[in-house]
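What the coordinates show
So you can see what is in the structure, the chains are spelled out below.
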Amino acid sequence: MAVQLEMVSPFKVLWHRDKVAGFLAGAAIFPVTLELGLTTACNLCCPDCPSRRGQPGLFLPPETARRLFVLCRGRTFGVILSGGEPTLHPGFGQVLAMAREHEFRDVTVISNGSRLDCDEVAGPLLRHASVVRVSLYDWPGEKPPGLSPTLKRIERLRRAIDQSGSPLQIGVSLLTRGIGRRQLSLAASVVRAAGAHWLYLHPTCVSTPRGSARIQGQERLLTALESFRRDQPPGFAVHYLKQRFSSNPLVFNGYHAAHFVMVVGADGANYLSSETKYQPRYRIAVAADYVRRDLFSDPPRRAAIAAVRSGNYPAGGGRNRGVLYSQVLEEIRRASTGKEAPALPDFLLPHIL
Ligand code: SF4
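Residues numbered from 1 in each chain as written. Predicted model: local features only at pLDDT ≥ 70, side-chain atom pairs only at ≥ 80, totals over all residues.

Topic: the site of the ligand
In the vicinity of the ligand, the residues found are Cys42, Leu44, Cys45, Cys46, Cys49, Ser51, Gly83, Gly84, Glu85, Asn112 and Ser135. Among the residues making up the shell around the ligand, the classes are represented as five nonpolar, five polar and one charged. (Near = placed C-beta within 6 Å. Nonpolar A, V, L, I, M, F, W, Y, C, P; charged D, E, K, R; others polar.)

Spelled out as structure tokens, the structure:
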């Protein structure tokens, strides 16, 4: 039986052994992944939308994306295009094509799926993207079987993949608040029926006065998730980051993940993390800096990353991936004293952290 590769894990960052070795040696490293918020615009209005923190209607200039691609060419191989809703960006196809021209290997788009059936969206996805991860906000829940509008668009896109031979994969992400084992099975079966390749489950978080926090109760799902994942038929996978569901304390001295994932908002600025995007306090570089080959060794940028610790980081309650990577990197830094990072198995989309 074929072994299903992991896609998400806090240890995925360690797969990048050269970069981890550079980090442990205190050297500047190019990021593994560029995460570009193409726009703050969206055609939905979800409660607790993280993009609301940005000024409405921002669109990342394609020239800024190009500058980043030139800066990172041959050193960084993963790019995530997110939003707002990135497919609303008039240069969506252009930025996707540019990413491929600049040798990015894993190209992921995170979308609400509302425009998957537009030619100007589906065409570039089929030609240039590795994955489109669709956030499913209209899944049918307990209602009688049938595909929601988003699932119908996924079904059409899957047909186009099969007809064109495109390597594009479709992932669906689902928030787990209020979901039990029975609803999980139902969600997996409708998502599979629509033609998606995998389902990604992540906990629902809310904004709090201090930052963000996971809504309580979802940790109960954790025990069911492993067997649920094993129960899936061949050709369909379920992924989740189990540490996001746990409550173990996280300790890091320096938000090390920011060296490995470079998060850029639609205003062109580089922020510490996805969860602090558009917060001026966590802005660590600006678009004008992207022409500098020495950006990643810039002392103020490195100092800003080093200054963020678990004890003073209000956005840590959502246990986003950057927090988890920072803890793993912290642990290996403490244990390493010059040793190499341990070897790890391969991952799906290895350049997407
Ligand atoms: S689809 Fe995403 S970007 Fe749009 S409102 Fe919802 S959470 Fe925000």
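Describing unusual backbone geometry
Of note, the bond from Gly83 into Gly84 is cis; its omega dihedral lies within 30 degrees of zero at 15°. Note on placement: Gly84 falls in the loop between β2 (78-82) and α3 (92-101). A positive phi angle, close to 70°, is found at Glu103, a residue other than glycine. Tracing the backbone shows Glu103 in the loop between α3 and β3 (106-111). For Glu103, a count of 13 C-beta atoms within 10 Å gives the class partly exposed. A positive phi angle, near 45°, is found at Leu349, a position not held by glycine. (Helix = DSSP H or I, 4+ residues; strand = E, 2+ residues; numbered from the N terminus. Buried ≥ 20, exposed ≤ 12 C-beta atoms within 10 Å, placed from the backbone.)

Describing the environment of Asn270
As for its position among the elements, Asn270 is in strand β11 (residues 270-271). Among the residues examined, Asn270 registers 24 C-beta atoms within 10 Å and is labelled buried. Considered as a pair, Asn270 and Tyr290 are 20 residues apart in the sequence and their alpha carbons are 9.6 Å apart.

What about the pairing of β2?
In terms of residue burial, β2 counts as a mostly covered element, since five of its five residues are buried. In β2, alternate side chains face the same way, and those of Gly78, Ile80 and Ser82 on one face and Val79 and Leu81 on the other are all buried. Two elements, strand β1 (residues 33-37) and β2, share five bridges in a ladder whose sense is parallel. Bridge pairing in β2 links Glu35 to Ile80. This β-α-β element, β1 to helix α2 (residues 62-72) to β2, shows right-handed connectivity. Where β2 lies against β3, four bridges are found, and the strand directions are parallel. Bridged to Ile80 within β3 is Thr108. Each parallel crossover has a hand, and the one from β2 via α3 to β3 is right-handed. (Pairing = 2+ DSSP bridges. Right-handed = clockwise from strand over helix to strand, strands pointing away.)

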